Amino acid sequence: MTFLPTPSQTVGPFYGYALPFTGGGNIAPAGEPGTITVHGQVFDGAGAPVPDALLEFWQPAPDGSRTGAPGSLRRDAVTGAVVGRTGVEFTGFGRVATDADGRYVLRTLPPGGVPYISVCVFARGLLHHLFTRAYLPHLTDPATEPLLRSLPEHRRATLLAVREREGVHRFDVRLQDDGVHEETVFLAFE
Amino acid sequence: MTANPLVLTQDVISAEIDQARRAYAEELKEGAEPRPHPARGYRPYRSSVARHPRQPLVVVGDPDAVELSGPVFGVTDITDLDSDLTRQHLGEPLGERMQVTGRVADRDGRPVRGQLVEIWQANSAGRYAHQRDQHPAPLDPHFTGVGRCLTDDQGRYTFTTIKPGPYPWRNHLNAWRPAHIHFSLFGTAFTQRLVTQMYFPGDPLFEYDPILQSVTDEAARSRLVATYDHSLSSPEWALGYRWDIVLDGPAATWIEEGR
Ligand SMILES: [Fe+2]
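- In the annotation of an unreviewed UniProt entry, the entry for chain B reads Protocatechuate 3,4-dioxygenase subunit beta, and the organism field reads Planotetraspora thailandica.
- In its Sequence similarities (unreviewed entry) section, the UniProt record describing chain B reads: "Belongs to the intradiol ring-cleavage dioxygenase family."

### Thoughts on the overall build of chain B
Item 1. Looking only at helices and strands, one finds 3 helices and 12 strands in chain B.
Item 2. Its C-alpha radius of gyration of 20 Å places chain B within 12% of the 18 Å reference for a compact globule of 259 residues.
Item 3. When its C-alpha atoms are laid out on the principal axes, chain B stretches across 60 × 50 × 35 Å.
Item 4. Buried positions account for 52% of the 259 residues belonging to chain B.
Item 5. Restricting the contact set of chain B to residue pairs at least 6 apart, pairs at least 24 apart contribute 71%.
Item 6. With 27 positive and 34 negative side-chain charges, chain B shows a spacing of 5 Å between the two charge centroids.

### Quick notes on the overall build of chain A
Item 1. Each helix and strand counted, chain A has 2 helices and 10 strands in total.
Item 2. Helices and strands appear in chain A in the N-to-C order β-β-β-β-β-β-α-α-β-β-β-β.
Item 3. Taking 2.2 N^0.38 as the reference for a compact globule, 190 residues should give roughly 16 Å; the C-alpha atoms of chain A span a radius of gyration of 17 Å, in line with that estimate.
Item 4. The C-alpha extent of chain A, read off along each of the three principal axes, is 50 × 45 × 35 Å.

### Some points on the nonpolar core
Soluble globular proteins tend to bury their nonpolar side chains together.
Item 1. Ranked by size, the top nonpolar core spans 40 residues in total, and within it Val11, Leu19, Leu147, Leu159 and Leu187 of chain A together with Trp120 of chain B carry the most contacts.
Item 2. When residues no more than four places from it in sequence are discounted, the contact partners of Leu19 of chain A are Val11, Leu54 and Arg95 of chain A together with Glu118, Trp120 and Ser184 of chain B.

### Remarks on the coordination of the iron ion
Residues and elements named next belong to chain B.
Item 1. Distances from the iron ion to its protein donors, Tyr128 (OH), Tyr167 (OH), His180 (NE2) and His182 (NE2), fall within 1.9 to 2.2 Å.
Item 2. Relative to the metal, the 4 donor atoms surrounding the iron ion lie at angles of 90 to 156 degrees, and the coordination shape comes out irregular.
Item 3. Considered as a linear motif, the donors of the iron ion on their single chain read Y-x38-Y-x12-H-x1-H. Residue Tyr167 is located in strand β6 (residues 167-169), and its partner His182 is located in strand β8 (residues 180-185); the two are separated by 15 residues in the primary sequence. Accessibility assignment for this pair places Tyr167 and His182 in one class, buried.

### As for unusual backbone geometry
Residues and elements named next belong to chain B.
Item 1. Unusually for a residue other than glycine, Asn174 sits at a positive phi of about 65 degrees.
Item 2. Considering the arrangement of structural elements, one finds Asn174 in the loop between β6 and β7 (175-177).
Item 3. Judged by its relative accessible area of 58%, Asn174 is exposed.
Item 4. Positive phi values are uncommon outside glycine, yet Glu236 reaches one of about 60 degrees.
Item 5. Mapping Glu236 onto the fold places it in the loop between β10 (227-228) and β11 (239-242).

### Things to note about the packing of aromatic side chains
Item 1. By the definition in use, this model includes 17 aromatic pairs over all chains.
Item 2. On the basis of an interplanar angle of 35 degrees and a centroid distance of 5.6 Å, the ring pair of Phe57 of chain A and Tyr104 of chain A is categorised as tilted. Of the two residues, Phe57 of chain A sits in strand β2 (residues 53-58) while Tyr104 of chain A sits in strand β4 (residues 103-108), which places them 47 residues apart along the sequence. The burial state of Phe57 of chain A is the same as that of Tyr104 of chain A; both residues are buried.
Item 3. Arranged with centres 4.9 Å apart and planes meeting at 70 degrees, the rings of Phe183 of chain B and Trp243 of chain B form a pair that is edge-to-face. Of this pair, Phe183 of chain B sits in strand β8 while Trp243 of chain B sits in the loop between β11 and β12 (245-247), and the two are 60 residues apart along the sequence. When sorted by exposure, Phe183 of chain B lands in the same class as Trp243 of chain B, which is buried.
Item 4. By the ring-pair criterion, three or more aromatic residues cluster together here, those being Tyr157, Phe159, Phe183 and Trp243 of chain B.
Item 5. Above the plane of the ring of Trp237 of chain B lies Arg97 of chain B, whose end atom (NZ or CZ) is 3.8 Å from the centre.
Item 6. If you follow Arg177 of chain B out to its NZ or CZ, it ends over the ring of Trp169 of chain B, 5.8 Å from the centre.

### Observations concerning the pattern of salt bridges
Item 1. Across all of its chains, the model carries 27 salt bridges over all chains by this definition.
Item 2. Among the salt bridges present, the one from Glu166 of chain A reaches Arg163 of chain A, with a minimum N-O distance of 3.1 Å.
Item 3. Where Asp106 of chain B meets Arg110 of chain B, a salt bridge forms, and the shortest distance between an N and an O atom there is 2.9 Å.
Item 4. Linked through salt bridges whose partners overlap, the residues forming this network are Glu56 and Arg95 of chain A together with Glu118 and Arg193 of chain B.

### Describing the pairing of strand β1 (residues 36-43) of chain A
Residue and element names in this part refer to chain A.
Item 1. The buried count for β1 comes to 8 of 8 residues, which makes it a mostly enclosed element.
Item 2. Covered by surrounding structure in β1 are Ile36, Val38, Gly40 and Val42 together with Thr37, His39, Gln41 and Phe43, the residues of both alternating faces.
Item 3. Relative to β4, β1 runs antiparallel, the two being bridged by 6 bridges. In the strand pairing of β4, Thr37 is matched with Arg107.
Item 4. Where β1 lies against strand β9 (residues 173-174), 2 bridges are found, and the strand directions are parallel. Looking across to β9, one finds that Val42 is bridged to Val173.

### Quick look at the side chain of Thr158 of chain A
All names here are of chain A.
Item 1. With respect to the helices and strands, Thr158 occurs in the loop between α2 (153-156) and β7 (162-165).
Item 2. Only 3.1 Å separates the side chain of Thr158 from the backbone nitrogen of Val185, close enough to count as a polar contact.
Item 3. With residues up to four places along the chain from it excluded, the contact list for Thr158 reads Phe171, Glu182, Glu183, Thr184 and Val185.

### Remarks on the interface of chain A and chain B
Bring the parts together and some accessible area is lost; that lost area is often taken as the interface size.
Item 1. Contact residues are listed per partner, giving 72 residues for chain A and 77 residues for chain B.
Item 2. Here chain A and chain B share an interface that buries about 6,800 Å² over both sides, 60% of which is from carbon and sulfur atoms.
Item 3. Summed over the three residues of chain A that lose the most area to chain B, namely Thr6, Gln9 and Phe14 of chain A, the buried surface amounts to 12% of that side.
Item 4. Run the count over chain A and chain B and you get 5 salt bridges.
Item 5. Among the salt bridges present, the one from Asp64 of chain B reaches Arg66 of chain A, with a minimum N-O distance of 3.4 Å.
Item 6. Along the contact surface separating chain A from chain B lie 38 residue pairs in polar contact (both at pLDDT 80 or more).
Item 7. Only β2, β3 (93-97), β5 (116-123), β6 (130-135) and β10 (187-189) of chain A provide two or more residues apiece to the side of chain A that touches chain B.
Item 8. Looking at the side of chain A that touches chain B, the element that brings in the most residues is β5 of chain A, giving 5 residues.
Item 9. Each residue belonging to the side of chain A that touches chain B can be placed in one class, and the counts come to 39 nonpolar, 18 polar and 15 charged.
Item 10. In terms of strand pairing, β10 of chain A meets strand β1 (residues 58-60) of chain B through 3 bridges, oriented parallel. By the bridge assignment for β1 of chain B, Ala188 of chain A is matched with Val59 of chain B.

Calculation rules
- Residues numbered from 1 in each chain as written.
- Chains lettered and ligands numbered in written order.
- Predicted model: local features only at pLDDT ≥ 70, side-chain atom pairs only at ≥ 80, totals over all residues.
- Heavy atoms only, no water.
- UniProt positions renumbered as here; feature names shortened; annotations may be inferred.
- Helix = DSSP H or I, 4+ residues; strand = E, 2+ residues; numbered from the N terminus.
- Rg over C-alpha atoms; globule rule 2.2 N^0.38 Å.
- Buried < 20%, exposed > 50% of the residue type's maximum accessible area, 1.4 Å probe, protein only.
- Contact = heavy atoms within 4.5 Å.
- Lys, Arg positive; Asp, Glu negative; His and termini not counted.
- Charge placed at Lys NZ, Arg CZ, Asp CG, Glu CD.
- Core = buried A, V, L, I, M, F, W, Y, C linked by side-chain atoms within 4.5 Å.
- Donors = N, O, S within 2.8 Å, 3.2 Å for Na, K, Ca; no water.
- Tetrahedral: all angles 85-135°; square planar, octahedral: opposite > 155°, others 65-115°.
- Phe/Tyr/Trp six-rings, centres within 6.5 Å; stacked < 30°, edge-to-face > 60°.
- Lys NZ or Arg CZ within 6 Å of the ring centre and 35° of its normal.
- Salt bridge = Lys/Arg side-chain N within 4 Å of Asp/Glu carboxyl O.
- Pairing = 2+ DSSP bridges.
- Polar contact = N/O pair within 3.5 Å; in protein donor to acceptor, adjacent residues only side chain to side chain.
- Buried area = accessible area lost by both parts, 1.4 Å probe.
- Nonpolar A, V, L, I, M, F, W, Y, C, P; charged D, E, K, R; others polar.

Here's what the structure looks like:
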């Protein structure tokens, strides 16, 4: 550990031409049976939706593989336009900018071996990104998950996606307690 | 002339910057570890006030955490033109042509190979192509200000671009950002993810900018400033800057072998 890290700086408001890409939230191959939808909103400390957040998702493939695969941003060599993942390999990576109402939608396959999808949040106003996890309720036993077990009930609840109907889960991110809703649990790694 | 208390002036922001710096110096004196990253909440940067968590981060020590692995990218994720921001349109952008190059490594100094580097920046007049940028400086039809590349076997990246201009923003009255290029980087683990900004040496706006000054550690702040390197400049063509990047955060040890 001799090299000193480069500090983080905010993503700012103007990343729009650079980071989001068409189909960024479609990790699952089109039409794949078993596809799940995880969607939600990002809120600030006033309870207002955050319209300029960028969410990234990382997860194992359904078979548990954590190697990922290239091709999340696959491009047409002639026009340079994003043409979408091949649908053959599971890249495990997604990226979605929130819309004017702070909403995002992710379509993916259930992660193998763990009950969660890792989430990284960037936004104007965030000088350092935030990590959290969306635990999928149908895969999660809170009694055996070390992270969930370590949290008091009201904090734990912020990490659990809520099942809305078969295959559709809601996961909101609250950057700060707004006086009514609990702030999302954010994570550090050692 | 009496000051309007409703107007947030540079003096107020500068006093807050100074206060945060002195508080940090006190912490160090009392034996705290140096903090290379900005605090998530930093009042002089007003957008951070309602957008940063107030609860402490929960530390995950699980050696099986998914975040110790990370996404990978490859030749299909970029095209040849992506690393040259001066050749993405029919004509050349206005501005000082420059090349910026450097090495991406982890905290043990190991090169980060074959990983995605993404950049974005304002044009030479300080205007982003983004629709929400209302700064009345000219747009350049020959400049979008977006680039990407993969690091090579030594972890190096290189971009050809033009030097971005400083620009005003609405953090406070008469707020100006020093010229900068935004960088997005991936390591071998998701924990090493980094989004940051590269600055240019000697910019007189440094001391006024709450975003740069949010890094209260002076040595860490200096690591955000590129070095002008005359040996990288090309005759009759472009100026050369060097900026090396070190990614923080742990990675799974099993993953090193394959990369
Ligand atoms: Fe910027």
